[in-house]
Amino acid sequence: MTIKLYGLKNCDKCRAALKDLNAAGKDVTFVDIRENTPTADVLETWVASCSADKILNTRSTTWRGLSNDERAYEGDAGLVELLLNHPTLIKRPVVATNDQVIVGWTNKIPI
């Protein structure tokens, strides 16, 4: 099984998820979303798998810095475009396998 963990290098939850997955013997590829923004296809898959309130981090400083026009995305396509333009709006970490997308982390998540 291929596991990709998307997040930020300095995010405590991302580091904890990576540590837990490695301790469980999982082969994990870490992808820093600032350096390697997920593609539109990947984001479309995430948005289709999760609700907007689950994937969009409206508590971030990035969100607070957006204008009302930028915040007013429409539908899934608008959300994907917003996340492409501002990848730090993605809630972290995102753990993606071949068949599931998990947003957020607790050590009780079975992978």
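Criteria and cut-off values
Residues numbered from 1 in each chain as written. Predicted model: local features only at pLDDT ≥ 70, side-chain atom pairs only at ≥ 80, totals over all residues. Heavy atoms only, no water. Helix = DSSP H or I, 4+ residues; strand = E, 2+ residues; numbered from the N terminus. Pairing = 2+ DSSP bridges. Axes fitted to C-alpha atoms, helices over the stretch in contact; angles between N-to-C directions. Contact = heavy atoms within 4.5 Å.

Participant: Summarise unusual backbone geometry; cite the residues concerned and give the values.
Facilitator: Cis geometry is adopted by the peptide bond preceding Pro93, which originates at Arg92 and carries an omega value of -10°. Structurally, the position occupied by Pro93 is in the loop between helix 6 (75–85) and strand 3 (94–96).

Participant: Quick rundown of the sheet that holds strand 3? Include the residues and the values.
Facilitator: Across the sheet, 4 strands lie side by side as 2-1-3-4; this open sheet has mixed pairing. Single-partner strands in this sheet number two, and they are strand 2 (28–32) and strand 4 (101–103). Ignoring strand direction, the axes of neighbouring strands in this sheet form an average angle of 20°. Relative to strand 4, strand 3 is paired through 3 bridges, and the arrangement is antiparallel. Residue pairing across strands places Ala96 opposite Val101, the latter belonging to strand 4. Strands strand 1 (3–7), strand 2 and strand 3 of the sheet are contacted by helix 1 (residues 12–23), whose axis makes an angle of about 165° with strand 1.

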